[in-house]
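Working through the structure, step by step
Spelled out from the first residue to the last, the chains are:
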Amino acid sequence: MERDKVIEVKDLVKRFGTFTANDHLTFDVWRGEIFGFLGANGAGKTTAIRILCGLSRPTSGRVMVAGIDASQKPEEIKKRIGYMSQRFSLYEDLTVSENIELYGGIYGMSMKEIVPRREALLEKLSFTSYGDMLIRALPLGLKQKLAFSVAIFHDPEIVFLDEPTSGVDPITRRQFWEMIYETASRGITVFVTTHYMDEASYCDRISIMSEGRIVALDSPSALLRQYGTASVEELFVKIARPQKIRE
Amino acid sequence: MKKLLFLLRKEFRQIRRNRFMIRAIIAVPILQMLIFVPAITFEIKRIDLAVIDNDRSQASRELVSKLTGSSFFVVTATPATVTEAESMLLSGDADIALVIPPDFSRGLAGVTTPRLQVLADAVNASTAQLSWSYITSVIRDFNREVIISTGMIPANMAAIRTGSLPGISVSPRYWYNPKLNYKYYMLPGMLVILITVIGLMMIGFNLVREKESGTIEQINVTPIMKWQLIVSRIILFFIIGLFDLALGLGIGWLAFNIPFEGSLLLFFACAAIFLVAVLGLALFFSTMASTQQQFLFIAFFFVMVFILMSGIFTPTESMPLWAQQFNLVNPVAYLMRINRMVMLKGSGFSEIMRDMAMLTILALSYLSLAIRAYRKRA
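Residues numbered from 1 in each chain as written. Chains lettered and ligands numbered in written order. Predicted model: local features only at pLDDT ≥ 70, side-chain atom pairs only at ≥ 80, totals over all residues. Heavy atoms only, no water.

What to know about the sheet that holds strand β1 (residues 5-16) of chain A
- The strand order across the open sheet formed by four strands is β2-β1-β4-β5 (chain A), and the pairing between neighbours is antiparallel. The sheet is open, and its two borders are formed by β2 (19-30) and β5 (68-69) of chain A, each paired with just one other strand. (Pairing = 2+ DSSP bridges. Helix = DSSP H or I, 4+ residues; strand = E, 2+ residues; numbered from the N terminus.)

Below, the structure is given as structure tokens:
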């Protein structure tokens with residue numbers, strides 16, 4: 001079955017001076033799947049995500065995101081994606097509703113479209129009473145859930161989640177993953193990085209990066225079989241470890 | 001356009017919630033106007049005078065009382081020796097020392113040539129020159145009285161009675177500031193400094209704070225356009241700058257009764273162009289800084305250079321050629337000149353047209369520099 005590719009990366013190279021952060025990456029992401037992008041710290045994940053989101057230009061190689069060439073029209077890509085970074089990035093001095101309005105507006109929605117969707121969203125998150133609260137006053141777990149909801153508020157084709165659950169308690173993490181599943185079932189592709197290996201096993205497919213290269217890419221169960229390991233954690237430790245330890 | 005409105009609403013909401021900013025917007029103009037306008041003056045009101053009177057005659061006492069009779073001099077000490085007076089100049093206890101030699105009265109009587117010595121602390125050259133000219137004018141007066149009383153020139157000459165020796169009579173009229181009120185000179189300049197500092201610092205901190213908190217990264221992955229981001233910021237601080245200008249002007253009028261001869265509309269129009277230049281420059285600086293400290297360092301340096309070179313304290317015409325050429329790109333220098341012309345002289349559009357045109361070119365250049373330097377990436 002020929003699947004619809006929403007991200008196509010071929011021979012992506014990104015160099016910073018003499019340092020090669022991404023060394024000939026080649027992979028595809030299929031529409032509607034949950035794609036886990038794993039790798040140790042410094043493996044080059046964030047660099048790759050930044051290129052996919054149009055925040056950075058590839059040194060060479062071909063990167064197509066939602067049908068658009070990332071080195072030609074990065075601003076076009078931005079219209080079609082959502083992004084949530086490991087650094088919490090809603091405005092702390094705006095209220096929940098105001099943040100939703102702002103991002104809705106930035107993506108070209110009118111207040112007429114924003115208001116009913118905002119109310120529905122607050123309802124769904126059981127956030128109705130928080131609408132007029134400043135983000136600053138919310139606990140981290142709620143902030144992260146809200147940031148995710150804001151990232152998909154404009155119905156993007158793909159949402160990039162860069163370590164979305166770091167520092168969040170297990171219950172909120174579970175709820176967060178329920179949100180991810182629901183998002184994927186709506187047809188939005190989820191591209192997620194994480195350091196929690198239990199989360200990695202929830203993905204449809206995972207790729208593991210080491211020293212700027214992709215060393216493994218398949219469904220979690222297929223990879224477990226291939227490497228003969230019992231858990232994704234074991235698998236990760238086995239293959240993601242750099243050959244030579246830096247520092 | 002609609003996106004711009006969303007961004008503007010965000011900026012206004014944020015500034016409204018920022019107590020520190022609100023306080024600064026209100027307090028800075030009040031403090032700056034009330035403190036600096038009356039404090040900064042080149043007038044010399046009290047010159048500390050040390051008198052070494054080695055003559056101790058009636059004539060020497062008359063000279064000293066004539067000096068203290070003017071409002072400029074205060075005899076702070078009467079040291080016995082010149083060495084002592086020198087050490088007072090050195091320590092700053094005296095600004096100027098007058099040495100009256102022992103044969104002063106004999107000299108006045110025609111026996112010898114009367115001589116006086118004046119020693120001035122000239123660390124500040126302009127103060128020294130002013131003190132020198134004050135003291136010599138008092139001495140000249142004294143001299144004339146001596147000439148009359150000793151009958152060297154007939155006392156019935158009318159011109160002498162009225163206080164001037166025959167010659168050309170020059171009577172000054174000080175135009176645009178008839179009372180030579182220094183506050184009138186400083187206030188238009190202080191208004192320029194006020195909006196420079198407010199505009200430049202506030203917009204810079206606003207932008208760099210978003211870099212620090214990481215919110216700008218989120219904005220950068222949205223399809224918002226560079227100019228929309230930049231314009232939304234400029235509008236907010238443009239309004240704040242004009243508000244503070246009006247506040248500062250109001251204080252000047254209430255507290256110092258500053259005259260305003262020209263057109264208010266022209267005054268605010270020039271300030272508006274100036275603000276675009278300053279805000280553009282601040283945006284440009286903010287692209288070079290990733291923390292608020294870095295921004296502060298860059299901005300502080302340039303603000304200081306711009307202000308000191310602008311002609312607020314010293315006339316730009318007396319500056320070396322390279323400094324005058326630098327002022328071609330110094331927005332503060334243009335508005336400094338325009339404000340004084342419009343406020344004090346009542347100059348109209350045709351008189352300030354050239355400066356206005358140059359300021360407009362600067363504003364457009366700085367703004368496009370900022371837009372070019374701004375990157376919607378990491």
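Here we look at the environment of Leu245 of chain B
Residue and element names in this part refer to chain B.
- Mapped onto the fold, Leu245 is located in helix α10 (residues 226-256).
- Classification of Leu245 by relative accessible area gives buried; the value is 1%.
- When the C-alpha positions of Leu245 and Leu191 are compared, they lie 6.4 Å apart, and in sequence the two are 54 residues distant.
- Each residue touching Leu245, except ones within four places of it in the same chain, is listed here: Leu191, Ile195, Phe267, Phe268 and Ala271. (Buried < 20%, exposed > 50% of the residue type's maximum accessible area, 1.4 Å probe, protein only. Contact = heavy atoms within 4.5 Å.)

Quick notes on the nonpolar core
- Counting residues in each nonpolar core, the largest one holds 127 residues, and the members touching the most others are Leu146, Phe148 and Leu161 of chain A together with Phe237 of chain B.
- Among the elements that make up this core, the one with the highest residue count is helix α8 (residues 182-213) of chain B (16 residues).
- Discounting chain neighbours no more than four positions away, the residues touching Leu161 of chain A are Met84, Phe148, Phe176, Ile180, Val190, Phe191, Val192 and Thr193 of chain A.
- Grouped together as the second largest cluster of nonpolar side chains are 29 residues, Val29, Ile51, Leu55 and Ile77 of chain A included. (Core = buried A, V, L, I, M, F, W, Y, C linked by side-chain atoms within 4.5 Å.)

Topic: the interface of chain B and chain A
- Facing the 26 residues of chain B at the interface are 31 residues of chain A.
- Across the chain B to chain A interface the summed buried area is about 2,700 Å²; carbon plus sulfur atoms make up 56%.
- Counting every contact that joins chain B to chain A gives five salt bridges.
- The closest approach of N and O atoms between Arg13 of chain B and Glu98 of chain A, which form a salt bridge, is 3.2 Å.
- Linking chain B to chain A there are 13 residue pairs in polar contact (both at pLDDT 80 or more).
- Within the residue set of the side of chain B that touches chain A, elements represented by two or more residues are α1 (2-17), α8 and α9 (215-220) of chain B.
- For the side of chain B that touches chain A, the element with the highest residue contribution is α1 of chain B, accounting for nine residues.
- Here the side of chain B that touches chain A is composed, by residue class, of seven nonpolar, seven polar and 12 charged. (Buried area = accessible area lost by both parts, 1.4 Å probe. Salt bridge = Lys/Arg side-chain N within 4 Å of Asp/Glu carboxyl O. Polar contact = N/O pair within 3.5 Å; in protein donor to acceptor, adjacent residues only side chain to side chain. Nonpolar A, V, L, I, M, F, W, Y, C, P; charged D, E, K, R; others polar.)

Notes on the domain arrangement of chain B
- Looking at the assigned domains, one finds that chain B contains domain 1 (2-40 + 182-373) and domain 2 (47-161).
- In this structure, domain 1 of chain B and domain 2 of chain B have C-alpha centres spaced 49 Å apart. (Domains from an automatic or database assignment.)

Quick notes on a nonpolar patch on the surface
All names here are of chain B.
- Residues Ile22, Ile26, Ile30, Leu31, Leu34, Ile35, Phe36 and Phe243 make up a contiguous nonpolar surface patch of about 670 Å² in total accessible area.
- If one sorts the elements of the nonpolar patch by residue count, helix α2 (residues 19-39) sits on top with seven residues.
- Mapped onto the elements of the fold, Phe36 is located in helix α2.
- By relative accessible area, Phe36 is classed as partly exposed at 37%. (Patch = residues over 30% accessible without salt bridge, like charges linked within 9 Å, V, L, I, M, F, W, Y side chains within 5 Å. Areas by Shrake-Rupley, 256 points an atom, 1.4 Å probe, with all protein chains shown as cover.)

Section: the packing of aromatic side chains
- For the coordinates displayed, the defined rule picks out 23 aromatic pairs over all chains.
- Seen in terms of ring centroids, Phe27 of chain A and Phe191 of chain A are 6.4 Å apart; in terms of plane orientation they differ by 35°. Their pairing is tilted. You can see Phe27 of chain A sitting in strand β2 and its partner Phe191 of chain A sitting in strand β8 (residues 189-193), a full 164 residues away along the chain. Each member of the pair, Phe27 of chain A together with Phe191 of chain A, is buried.
- In this structure an aromatic cluster arises from ring pairing among Phe284, Phe285, Phe301, Phe302, Phe306 and Phe326 of chain B.
- For Arg205 of chain A, the ring lying beneath its charged end belongs to Trp30 of chain A, and the centroid distance is 3.7 Å.
- The residue whose ring lies beneath Arg9 of chain B is Phe6 of chain B, and the NZ or CZ to ring-centre distance is 5.4 Å. (Phe/Tyr/Trp six-rings, centres within 6.5 Å; stacked < 30°, edge-to-face > 60°. Lys NZ or Arg CZ within 6 Å of the ring centre and 35° of its normal.)

Structural notes on the pairing of strand β3 (residues 34-39) of chain A
All names here are of chain A.
- Most of β3 sits out of view: six of its six residues are buried.
- Residues Ile34, Gly36 and Leu38 line one face of β3 and the alternating positions Phe35, Phe37 and Gly39 line the opposite face, and both faces are buried.
- Relative to β8, β3 runs parallel, the two being bridged by three bridges. Pairing of Phe35 across the sheet is with Phe191, part of β8.
- Relative to strand β9 (residues 205-210), β3 runs parallel, the two sharing five bridges.

Notes on the pattern of salt bridges
- A full pass over the atoms with the stated rule returns 31 salt bridges over all chains.
- The partner of Lys124 of chain A in a salt bridge is Glu182 of chain A, with the nearest N and O atoms 3.6 Å apart. With Lys124 of chain A in helix α4 (residues 111-124) and Glu182 of chain A in helix α6 (residues 170-185), this residue pair connects regions lying 58 residues apart in the sequence.
- Look at Lys124 of chain A and you get exposed, because its relative accessible area is 51%.
- With relative accessibility at 35%, the residue Glu182 of chain A sits in the partly exposed group.
- Here the residues in one salt-bridge network are Glu98, Glu101, Arg118 and Glu119 of chain A together with Arg9, Arg13 and Arg17 of chain B, joined through shared partners.

Some words on the sheet that holds strand β4 (residues 117-120) of chain B
Residue and element names in this part refer to chain B.
- The sheet built from four strands is open, its strands ordered β2-β1-β3-β4 with mixed pairing. Of all the strands in the sheet, just β2 (73-77) and β4 have a single pairing partner and so form its edges. Going from strand to strand, the sheet's axes swing by 30° on average, the running direction of each strand aside.
- By the bridge criterion, four bridges tie strand β1 (residues 47-53) to β2 in an arrangement that is parallel. Within β2, the position partnered with Leu49 by the bridge is Val75.
- Across the sheet, helix α3 (residues 58-69) is in contact with β1, β2 and β3 (96-100); its angle to β3 comes to roughly 160°. (Axes fitted to C-alpha atoms, helices over the stretch in contact; angles between N-to-C directions.)

Some remarks on the layout of surface pockets
Residue and element names in this part refer to chain B.
- Taken as a whole, the largest pocket holds about 700 Å³ of empty space.
- Every residue lining the largest pocket is counted, 22 residues in all, and those nearest its centre are Asn177, Tyr182, Tyr185, Arg340 and Leu344.
- Among the secondary structure elements, those contributing two or more residues to the lining of the largest pocket are α8 and α14 (331-345).
- For the lining of the largest pocket, the element with the most residues is α14, which contributes seven residues.
- Residue classes in the lining of the largest pocket are distributed as 12 nonpolar, five polar and five charged. (1 Å grid on protein atoms, 1.4 Å probe; cavity = no way out; pocket = protein on both sides within 12 Å on 5 of 7 lines; lining within 4 Å. Points joined across faces, edges and corners; volume = space filled by probe spheres on them.)

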